[in-house]
Amino acid sequence: MERTIVGIDVGTTKVCTLIGEVDKDGQVCVVGVGVAPSRGLTKGVVVNVEEATKSIASSIDKAERISGYRIEAAYLGLAGKHILSVNSKGTVAVGRGERYITEDDVARAIEAAQDLAVQHGREIIHVLPRCYILDGQEGVRDPVGMMGFRLEAAVHIVTGAVPSIRNLVQCVESSHVTVNELVLQPLASAEAVLTLEERETGVALVDAGGGTTDVAILAEGAICHSAVLPVGGNNLTNDIAVGLKTPFEVAEKLKLQYGHALPEMIDPAEMIDVAAFGEAEVATVPRRDLVAVLEARCEELCALVQEEIRRSGYDGLLPAGLVLTGGTAELPGFKELASEVLQMPVRVGRARNVGGLADAVSNPSYATAVGLLQWGLKYGGPEKRTPKREDGRFSELFRRFKEAFRALLPG
Ligand SMILES: Nc1ncnc2c1ncn2[C@@H]1O[C@H](COP(=O)(O)OP(=O)(O)OP(=O)(O)O)[C@@H](O)[C@H]1O
Ligand SMILES: [Mg+2]
């Protein structure tokens, strides 16, 4: 029987469920796509369980009908302002006698690193090894089998608030779907759109969605910084709605049809017939005025991204530049504006290495959902797993660490 992987991306504007079959070459082929408008979520976080549950159920139902599969378990994307990520280090003594480092030593070092970071009321989502330091020698990627006395593990730890996580998991479980694993949305998007070279040389992945803009900085093959910014395409739409005194729905249509991030690209004489889109206090408006509103918000978004790049310590150290994905990456001129503000090369990232219904998921807004399938392919096993709970964290952590570590090795 084919191995299947399911990803559910509960975004602020849409819920997307993808069902993938793993083909004989180890590539994921999308065989089911279910997209439903998202309700009950604000900035990536569930605020109305009943509404969110309905949206998720509808998306699952659609994907099941298209594929003919019944979904039992899925990888679930996670975002929101409650997400915190830190880099931490843990040190262990390997022993005085001459012996080689074992997986157990590595796991102890990882455990020591995560002991420092977890706060009350928060749950660990990821513990991702970045590199190891063995007797002062930095940059060791796989210490297993090496000889040494003092092993230090540098890890990237992502935590989230327990109530926010539980609410989301509950909404999915209401559809009788078990959560295999929670995956931070920008990490899933990174799996889908980045090349191996970009991850090695240093790159910023920016998923600009509807409610949030997610940032992940990767270098030397590992994640070194991640953040969820509570600003996205909905803010652009809101700015238009406020500026033109139109309902949000009208502003969204105007944005999709006339939106641009660079006013200098727009003919000053071009007028938009706002009244044609529905009720509004103004009948016509110069398109350039609308675009100037979007430019201001896009610049603000780029400044926030810049701040995260600085915070990561990789400012000026990302030769592969920035890969922009998420629905808002489709805004014409945004890529060019980001490149100008951030002073780095920018490309729009779409899901790569995916077969089957690939056309249906080629839009940047599907990067996270496709990435969840690729995360499952890379780190998951064929067995169905139950969601991680706070208790039993250590054994779960060790198992996941081993998988993550194996997969992060080059080659
Ligand atoms: N052509 C376009 N021009 C401008 N904005 C666009 C375009 N296409 C989509 N968008 C915007 O992209 C956003 C939706 O993106 P996406 O589907 O990635 O969000 P999401 O995953 O639902 O939300 P989030 O990840 O923030 O929780 C909306 O704000 C939408 O207006
Ligand atoms: Mg999203």
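Now for a description of the structure that goes with this document. (Residues numbered from 1 in each chain as written. Chains lettered and ligands numbered in written order. Predicted model: local features only at pLDDT ≥ 70, side-chain atom pairs only at ≥ 80, totals over all residues. Heavy atoms only, no water.)

### Focus on the pairing of strand β10 (residues 150-161)
With respect to burial, β10 is a largely interior element, eleven of its twelve residues being buried. With ten bridges joining them, strand β7 (residues 84-93) and β10 adopt antiparallel strand pairing. From the neighbouring strand, Val-86 faces β10, where its bridge partner is Ile-157. In terms of strand pairing, strand β8 (residues 122-134) meets β10 through eleven bridges, oriented antiparallel. In the sheet register, Arg-122 faces β10, and the bridge partner there is Ala-161. (Buried < 20%, exposed > 50% of the residue type's maximum accessible area, 1.4 Å probe, protein only. Helix = DSSP H or I, 4+ residues; strand = E, 2+ residues; numbered from the N terminus. Pairing = 2+ DSSP bridges.)

### Comments concerning the nonpolar core
Ile-8, Val-10, Leu-18, Leu-76, Leu-182, Leu-187 and Leu-194 are the most contacted members of the largest nonpolar core, which has 62 residues in total. In contact with Ile-8, other than residues within four places in its own chain, are Val-15, Cys-16, Thr-17, Ile-60, Ala-74, Tyr-75, Leu-76, Gly-77, Val-172, Val-177 and Leu-372. Ala-208, Leu-331, Leu-337 and Leu-342 belong to the second largest nonpolar core, which has 44 residues in total. (Core = buried A, V, L, I, M, F, W, Y, C linked by side-chain atoms within 4.5 Å. Contact = heavy atoms within 4.5 Å.)

### Remarks on the environment of Trp-375
The topology assignment puts Trp-375 in helix α10 (residues 367-379). With 207 residues separating them in the primary sequence, Trp-375 and Leu-168 have C-alpha atoms 19 Å apart. Once residues lying within four places of it in the same chain are set aside, the contact partners of Trp-375 are Tyr-75, His-126, Leu-128, Glu-181, Val-183, Leu-187, Glu-191 and Gly-380.

### Regarding the sheet that holds strand β2 (residues 14-22)
Read across the open sheet, the six strands follow the order β11-β6-β1-β2-β3-β19; overall the sheet is mixed. Since the sheet does not close on itself, it has two edges, and those belong to β11 (178-184) and β19 (354-356), each with one partner. Averaged over all adjacent pairs, the angle separating strand axes in this sheet is 35 degrees, with direction ignored. Summarising the sheet, strand β1 (residues 3-10) and β2 pair through eight bridges and their orientation is antiparallel. Counted as the bridge partner of Val-10 is Val-15 from β2. Those strands touched by helix α3 (residues 162-173) are β1, β6 (73-78) and β11, and its axis lies near 145 degrees from that of β6. Against the sheet, α10 touches β1, β2, β3 (28-37), β6, β11 and β19, its axis set at about 140 degrees to β1. (Axes fitted to C-alpha atoms, helices over the stretch in contact; angles between N-to-C directions.)

Function cannot be read off these values alone, since they describe shape.
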